[in-house]
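# Residue-level structure breakdown
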Amino acid sequence: MAMPGVLPAGEPVPGDGSLPASARASVGARGFGVYVHVPFCASRCGYCDFNTYTADELGGGATREGYVDAVLAELALAARVLGEAPPARVETVFVGGGTPTLLPTDDLARILDAIDRTWGLAADAEVTTEANPESVTPTTLKELRAAGYTRISLGMQSAAPGVLAVLDRRHSAGRATAAALEARDAGFDHVNLDLIYGTPGERAEDFAASLDQVVAAGVDHVSAYALIIEDGTRLAARMRRGELPYPDEDVAADRYLAAESALNAAGFSWYEVSNWARTPDARCRHNLLYWAGSNWWGLGPGAHSHVGGVRWWNVKHPGAYAKRLATGGSPGQAREVLTGDETHMEEVMLRLRLASGLPLDVLTDAGRAGAARALAEGLLAEPAHAAGRAVLTLRGRLLADAVVRDLLP
């Protein structure tokens with residue numbers, strides 16, 4: 001889960017990070033995961049507005065060398081906050097960024113070991129790290145697997161050199177698929193490749209070649225996202241200056257259909273609008289935990305957490321984050337206690353994106369009327385609707401945001 005560069009407003013977090021008793025009581029009720037944000041990158045991609053820092057951008061007294069100690073200090077704080085109501089077991093761990101694999105593998109092993117010692121990892125826990133293809137080697141991949149990491153998500157984005165250049169990606173066109181093969185050889189249970197489509201200058205044949213390479217790499221999970229232009233990024237500046245055209249929605253729709261066709265033909269099935277897996281076991285359980293509204297603690301600067309209807313987020317800068325923890329305080333910047341209406345809205349928005357959909361009986365009368373309209377327009381699947389569920393059709397996936405608006409009148 002990438003951490004956004006701009007954090008929302010909210011109410012203050014107590015200095016000790018304490019949670020209401022009602023939130024703590026629900027910790028183990030709906031699954032529990034841990035997210036760890038590693039905010040370091042070797043360079044900044046042109047489309048990126050995540051809470052990440054290159055060596056030149058870091059400043060503020062923050063260093064990579066002291067980072068893991070700060071994370072472990074927040075983990076100790078989390079254990080104090082949850083106190084007598086810890087999760088039964090941690091079901092998923094996801095180390096994201098940034099580029100987590102810029103840290104030494106010993107540091108990534110320390111983090112995982114500390115989580116296990118604090119709360120205990122489930123016997124079948126899914127443990128994921130993100131990685132840029134150029135940041136791993138066969139040796140480091142074997143070390144990560146030996147440390148307990150079971151899943152790796154590699155940022156491929158494209159197989160076309162010109163597209164990678166527009167996105168300011170550092171790796172060569174073939175490095176991502178080579179890294180995926182190395183990860184399989186290292187013994188990872190599951191390997192994901194990320195794609196971005198709709199980049200200015202990308203041709204249909206460029207994206208088709210990217211899909212062909214993904215399939216040939218033998219991965220069991222693929223994520224594919226339309227390029228989004230965020231304010232403050234280099235790509236946004238280039239488009240404002242007229243150097244590059246803005247993404248075309250019709251082109252993005254064509255790319256999505258191409259992904260669905262090619263991945264289906266290779267034995268993948270969609271389980272979330274932007275995610276495909278070869279088997280149910282290959283689905284990202286950590287992301288499913290988010291989409292199901294379960295509980296997780298986010299460690300690291302800018303990381304978001306959710307426990308029992310309370311959502312909070314940490315201060316952004318690694319220096320400010322470490323300073324707060326060094327003085328015994330919470331790194332939380334702000335939080336919000338979700339109302340029933342907000343919880344309902346998020347449940348509809350997130351669960352509708354899943355292939356399993358959502359029960360019609362969680363909708364209001366107006367929402368069910370909206371579902372009937374979406375069904376008539378071919379945006380919801382008729383057999384699922386007859387069985388009492390709202391499930392997107394392929395056309396509905398292309399217009400998922402519009403369907404959500406129909407179900408939340």
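Bear in mind the structure is a predicted one, so any value in this text is a computation, not a measurement.

We now examine the overall build of the protein. Counting its regular elements, the protein contains 17 helices and 14 strands. Computed over the C-alpha atoms, the radius of gyration of the protein is 21 Å, within 12% of the 22 Å expected from 2.2 N^0.38 for a compact globule of 409 residues. Dimensions of the protein along its principal axes, counting C-alpha atoms only, are 55 × 50 × 45 Å. The buried share of the protein, reckoned over its 409 residues, is 53%. Within the protein, contacts between residues at least 6 apart in sequence are counted, and of these 72% link residues at least 24 apart. Element-wise, carbon and sulfur atoms account for 52% of the exposed surface of the protein, whose accessible area totals about 16800 Å². Computed over 37 positive and 50 negative side-chain charges, the inter-centroid distance for the protein is 2 Å.

Quick look at the environment of Ala147 now. You can see Ala147 is positioned in helix α5 (residues 138-147). Sequence-distant contacts of Ala147, defined by excluding residues within four places in its chain, comprise Ala109 and Leu112.

Together, Leu257, Leu394, Leu398 and Leu399 make up an exposed nonpolar region whose accessible area comes to about 280 Å². Considering the arrangement of structural elements, one finds Leu394 in helix α16 (residues 394-398).

As a further point, take unusual backbone geometry. Residue Gly98 is reached from Gly97 by a cis peptide bond, and omega for that bond is 20°. Considering the arrangement of structural elements, one finds Gly98 in the loop between β2 (90-97) and α4 (105-119).

Oppositely charged side chains can pair when the atoms bearing their charge come close. All told, the structure shown has 19 salt bridges when counted by the stated rule. Put simply, Arg335 and Glu11 hold a salt bridge, and the shortest N to O gap is 3.2 Å. You can see Arg335 sitting in strand β12 (residues 332-337) and its partner Glu11 sitting in the segment before α1 (21-24), a full 324 residues away along the chain. With a relative accessible area of 11%, Arg335 lands in the buried category. A salt bridge links Arg238 to Glu243, with the nearest nitrogen and oxygen atoms 3.1 Å apart. The class of Arg238 is partly exposed, set by a relative accessible area of 26%. Residue classification places Glu243 among the partly exposed positions, given a relative accessible area of 41%.

Running from N to C, helix α3 (residues 67-82) and helix α12 (residues 318-326) point in directions that differ by 50°, and their axes come no closer than 9 Å. Put simply, α3 runs oblique to α12. Considering the relative orientation of α3 and α12, their crossing is left-handed. Contacts between α3 and α12 pair Ala70, Val71, Ala73 and Glu74 from the former with Tyr321, Ala322 and Leu325 from the latter.

Rules behind the numbers
- Residues numbered from 1 in each chain as written.
- Predicted model: local features only at pLDDT ≥ 70, side-chain atom pairs only at ≥ 80, totals over all residues.
- Heavy atoms only, no water.
- Helix = DSSP H or I, 4+ residues; strand = E, 2+ residues; numbered from the N terminus.
- Rg over C-alpha atoms; globule rule 2.2 N^0.38 Å.
- Buried < 20%, exposed > 50% of the residue type's maximum accessible area, 1.4 Å probe, protein only.
- Contact = heavy atoms within 4.5 Å.
- Areas by Shrake-Rupley, 256 points an atom, 1.4 Å probe, with all protein chains shown as cover.
- Lys, Arg positive; Asp, Glu negative; His and termini not counted.
- Charge placed at Lys NZ, Arg CZ, Asp CG, Glu CD.
- Patch = residues over 30% accessible without salt bridge, like charges linked within 9 Å, V, L, I, M, F, W, Y side chains within 5 Å.
- Salt bridge = Lys/Arg side-chain N within 4 Å of Asp/Glu carboxyl O.
- Axes fitted to C-alpha atoms, helices over the stretch in contact; angles between N-to-C directions.
- Parallel < 35°, antiparallel > 145°, perpendicular 65-115°, else oblique.
- Left-handed = near helix turned anticlockwise from the far one by under 90°.

Limitation: the analysis is restricted to geometry and does not speak to function.
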